[in-house]
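# Structural description and commentary
What follows is each chain in one-letter form.
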Amino acid sequence: MRTYDFSPLYRSAIGFDRLAQLAETALRTEQPSYPPYNIELVSEDKYRISMAVAGFSRDELDVETEKNTLKIIGKKATEPGERTFLHRGIAARDFEQRFQLADHVKVAAASFENGLLNIELEREIPEAHKPRKILIDGGESLPLIKGEAA
């Protein structure tokens, strides 16, 4: 396994220690592969996570957010009676999948259709964090209009 030295990042960037910590955590931990999922960029500030959860119903799935973590939990309900399978190819086992969300990324909606759980995410940048032009010699600061950033 490779190790990376993030000390140059700490020397030249202020406030990025959380980013380096996330990178170190990602390198150390192995992400579970069940259930399979896609992460899609829908537009500039919108994302979609699609997770294949065949065999689960809406009642057996939970989607939670806490701070910057999205947690998806699937708990299969016990079936009454015993079933005999000649082949079992659909893995209907419990799972817990976690995703680290960037700052200002919020869950907008979740839907379940045809065995796919779709979670819509949006990045909402507060007005105070958007770029603005600072006038020199005492004028008020103005919002930066797209295209003027050059």
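Please refer to the structure higher up on the page.
Residues numbered from 1 in each chain as written. Predicted model: local features only at pLDDT ≥ 70, side-chain atom pairs only at ≥ 80, totals over all residues. Heavy atoms only, no water.

## A look at the nonpolar core
Most often, soluble globular proteins have nonpolar side chains that are buried together. Counting residues in each nonpolar core, the largest one holds 17 residues, and the members touching the most others are V53, L70, I72, F95, L117 and L121. Secondary-structure elements contributing two or more residues to this core are β2 (46-52), β4 (69-74), β5 (95-100), β6 (105-113) and β7 (116-123). Not counting the four nearest positions on each side in its chain, L121 is found in contact with D45, K46, Y47, I49, L70, L101, V105, K106, V107 and A108. (Core = buried A, V, L, I, M, F, W, Y, C linked by side-chain atoms within 4.5 Å. Buried < 20%, exposed > 50% of the residue type's maximum accessible area, 1.4 Å probe, protein only. Helix = DSSP H or I, 4+ residues; strand = E, 2+ residues; numbered from the N terminus. Contact = heavy atoms within 4.5 Å.)

## Describing the packing of aromatic side chains
Tallied over the full model, the rule gives 3 aromatic pairs. A centroid spacing of 6.1 Å and a plane angle of 90° characterise the contact between Y34 and F95, whose relative ring orientation is edge-to-face. Linking Y34 in the loop between α2 (17-28) and β1 (37-43) with F95 in strand β5, this pair joins segments that are 61 residues apart in sequence. F95 matches Y34 in its accessibility class, with the two residues each being buried. (Phe/Tyr/Trp six-rings, centres within 6.5 Å; stacked < 30°, edge-to-face > 60°.)

## A look at the sheet that holds β6
Overall, antiparallel pairing links the 4 strands, which are arranged β1-β2-β7-β6 in an open sheet. Edge positions in the sheet fall to β1 and β6, since each of these pairs with one other strand and no more. For this sheet, the mean inter-axis angle between neighbouring strands, taken without regard to orientation, is 20°. (Pairing = 2+ DSSP bridges. Axes fitted to C-alpha atoms, helices over the stretch in contact; angles between N-to-C directions.)

## Quick word on the environment of K75
With respect to the helices and strands, K75 occurs in the loop between β4 and β5. Expressed as a C-alpha distance, the spacing of K75 and S57, which sit 18 residues apart in the sequence, is 9.7 Å. When near neighbours in sequence (up to four residues on either side) are disregarded, K75 contacts F56, E60 and D94.

## What about the pairing of β2?
Sheet topology places β1 next to β2; 6 bridges connect them, and they run antiparallel. Residue pairing across strands places I39 opposite I49, the latter belonging to β2. Counting the residues between successive antiparallel strands, the hairpin from β1 to β2 contains 2 residues. The sheet contact formed by β2 and β7 spans 7 bridges and is antiparallel. Its bridge partner lying in β7, Y47 is registered against L121.

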